[in-house]
Amino acid sequence: DGITTLTLEPGAELRFGSGNQLQIGGVSAGVPGALVADGDATGGPARILFTSSSGTPAPGDWSGIYFRAGARASILRNARVEYGGASVWADVYASNAAETLTVDGVEVVDSGNYGVYAGGAGLSIANSTIEGNTDHDVYAANSATATGSVQDSTLESVFYAGSLADLSWTGNTFNTWGARTSRVALRVVAQFSAQNTFNALPGAVLEVIGGTLADDATWSPAPGPFVLTTNLTVQGTSGADARTTLTLEPGVALRFPASTGLFVGGFSGDP
């Protein structure tokens, strides 16, 4: 098929030394590679393990699994990735990958940095546990190629580096919510707040990258107060009535920094 693929059978165990990583694909799309690590494949089920080679493992012992620009469709299923995240890396680092990475039934834990770095196309996370990492469990890069979904998984936090990333969030449970402040893009607030469960600590908030909301949306109070980073403008021609509407459910709180506010409609143009 013109793609070099590493297939790990159920029960396989890979241990990495200090600073090392597993790289999938080359630095450009023209150098393809793929990983199939499916613990539920023939001969399983048996969990596949990616871990540190140290006798006393600790977060950040190795760099993690790096899906580069040349990475083709890959699978992590019934696996555990632990003790990665050295330097700027993550246990699972998907940067500019050209094709879908499926993460299903995987434990991504004890990273020295992020659990999952989402920067490539079509990242699909489901039925997984991403917890106990030094930094945010999912980091969404500010890239238009950072697309995909996170569903039916257990996490603690998420952080969007900017407004370009486009991930969907459904059926997830966030434990110790608020221990590390999470931040999301404006476009996902409605789905994120209504379709996930938050086991919040006192004082938990959700930071929201401000901007213009152009589509009809309903915000739920479940994540706690929404802390806007900049102005929030509700303006557009969404829906059958051709007017963008933001509906705030009972209990919602919006918090704004100094010299910013909520703008409804424009001085002219769209309603």
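Look up a bit, the structure's there.
Model, not experiment: these values are computed from the prediction. (Residues numbered from 1 in each chain as written. Predicted model: local features only at pLDDT ≥ 70, side-chain atom pairs only at ≥ 80, totals over all residues. Heavy atoms only, no water.)

(A) Structural detail: the overall build of the protein. Along the backbone of the protein there are one helix and 28 strands. Taken against the 2.2 N^0.38 rule, which gives 18 Å for 271 residues, the C-alpha radius of gyration of the protein at 20 Å falls within 12% of a compact globule. Each of the three principal axes of the protein carries a C-alpha extent, and together these read 60 × 45 × 30 Å. Taken over 271 residues, the protein has a buried fraction of 49%. Partitioning the contacts of the protein with sequence separation of at least 6, the portion at a separation of at least 24 is 61%. Total accessible area computed for the protein in this model is approximately 11300 Å², and 48% of it derives from carbon and sulfur atoms. In the protein, which carries 11 positive and 24 negative side-chain charges, the distance between the mean positions of the two groups comes to 4 Å. (Helix = DSSP H or I, 4+ residues; strand = E, 2+ residues; numbered from the N terminus. Rg over C-alpha atoms; globule rule 2.2 N^0.38 Å. Buried < 20%, exposed > 50% of the residue type's maximum accessible area, 1.4 Å probe, protein only. Contact = heavy atoms within 4.5 Å. Areas by Shrake-Rupley, 256 points an atom, 1.4 Å probe, with all protein chains shown as cover. Lys, Arg positive; Asp, Glu negative; His and termini not counted. Charge placed at Lys NZ, Arg CZ, Asp CG, Glu CD.)

(B) A look at the environment of Phe198. Secondary-structure assignment places Phe198 in strand β20 (residues 197-200). Sequence separation of Phe198 and Tyr83 is 115 residues, and the distance between their C-alpha atoms is 26 Å. When near neighbours in sequence (up to four residues on either side) are disregarded, Phe198 contacts Phe174, Trp177, Phe192, Ser193, Ala222 and Pro223.

(C) Summary view of the pairing of strand β7 (residues 74-82). β7 sits mainly inside the fold: seven of its nine residues count as buried. Looking at chain direction, strand β4 (residues 33-38) and β7 are connected through three bridges and run parallel. Paired with Asp38 across the strands is Arg77, a residue of β7. Pairing of strand β5 (residues 48-52) with β7 involves three bridges; the strand directions are parallel. Looking at the pairing, Leu49 lines up with Arg80 of β7. Across eight bridges, β7 lies against strand β9 (residues 101-109) in parallel orientation. Directly across from Ala79, in β9, lies its bridge partner Val106. (Pairing = 2+ DSSP bridges.)

(D) Geometry of the nonpolar core. With 62 residues, the main nonpolar core has Leu35, Phe50, Ile65, Phe67, Leu76, Tyr160 and Trp169 as its most contacted residues. If one sorts the elements of this core by residue count, β9 sits on top with four residues. Excluding residues that lie within four positions of it along the chain, Leu76 makes contacts with Leu35, Ala37, Phe50, Ile65, Phe67, Val92, Thr102, Val103, Asp104 and Val106. Among the nonpolar cores identified, the runner-up in size contains eight residues, and Tyr93, Tyr117, Ala141 and Phe159 belong to it. (Core = buried A, V, L, I, M, F, W, Y, C linked by side-chain atoms within 4.5 Å.)

(E) Examining the side chain of Arg183 more closely. Structurally, the position occupied by Arg183 is in strand β19 (residues 182-185). Summary of buried charges: Arg183 has no salt-bridge partner, and the nearest side chain of opposite charge, Glu207, is 4.5 Å away. Each residue touching Arg183, except ones within four places of it in the same chain, is listed here: Val158, Phe159, Tyr160, Ala161, Leu206, Glu207, Ile209 and Thr229. (Salt bridge = Lys/Arg side-chain N within 4 Å of Asp/Glu carboxyl O.)

(F) Looking closely at unusual backbone geometry. Backbone torsion omega between Gly44 and Pro45 reads 5°, so that peptide bond is classified as cis. Within the element layout of this structure, Pro45 appears in the loop between β4 and β5. Despite not being glycine, Thr176 shows a phi value in the positive range, around 40°. Relative to the elements of secondary structure, Thr176 occurs in strand β18 (residues 173-177). Overall, Thr176 belongs to the partly exposed group, its relative accessible area being 35%.

(G) Molecular detail of the sheet that holds strand β28 (residues 262-264). If you walk across this open sheet you meet the three strands as β22-β25-β28, and the pairing is parallel. Edge positions in the sheet fall to β22 (211-213) and β28, since each of these pairs with one other strand and no more. Within the sheet, the average angular offset between the axes of one strand and its neighbour, ignoring direction, is 20°. With three bridges joining them, strand β25 (residues 232-234) and β28 adopt parallel strand pairing. Paired with Val234 across the bridge in β28 is Val264. (Axes fitted to C-alpha atoms, helices over the stretch in contact; angles between N-to-C directions.)

(H) How the structure looks around the side chain of Asp91. Looking at the secondary structure, you find Asp91 in strand β8 (residues 90-95). For Asp91, which is buried and forms no salt bridge, the nearest opposite charge comes from Arg80, at a distance of 8.2 Å. A polar side-chain atom of Asp91 sits 2.8 Å from the main-chain amide nitrogen of Gly84. (Polar contact = N/O pair within 3.5 Å; in protein donor to acceptor, adjacent residues only side chain to side chain.)

(I) Structural context of the layout of surface pockets. The volume enclosed by the largest pocket comes to roughly 230 Å³. Lining the largest pocket we find 14 residues, and of these Leu186, Arg187, Thr212, Leu213 and Ala214 sit closest to its centre. A total of three residues in the lining of the largest pocket trace back to one element, the largest contributor, which is β22. Classifying every residue of the lining of the largest pocket by side-chain character gives seven nonpolar, four polar and three charged. (1 Å grid on protein atoms, 1.4 Å probe; cavity = no way out; pocket = protein on both sides within 12 Å on 5 of 7 lines; lining within 4 Å. Points joined across faces, edges and corners; volume = space filled by probe spheres on them. Nonpolar A, V, L, I, M, F, W, Y, C, P; charged D, E, K, R; others polar.)

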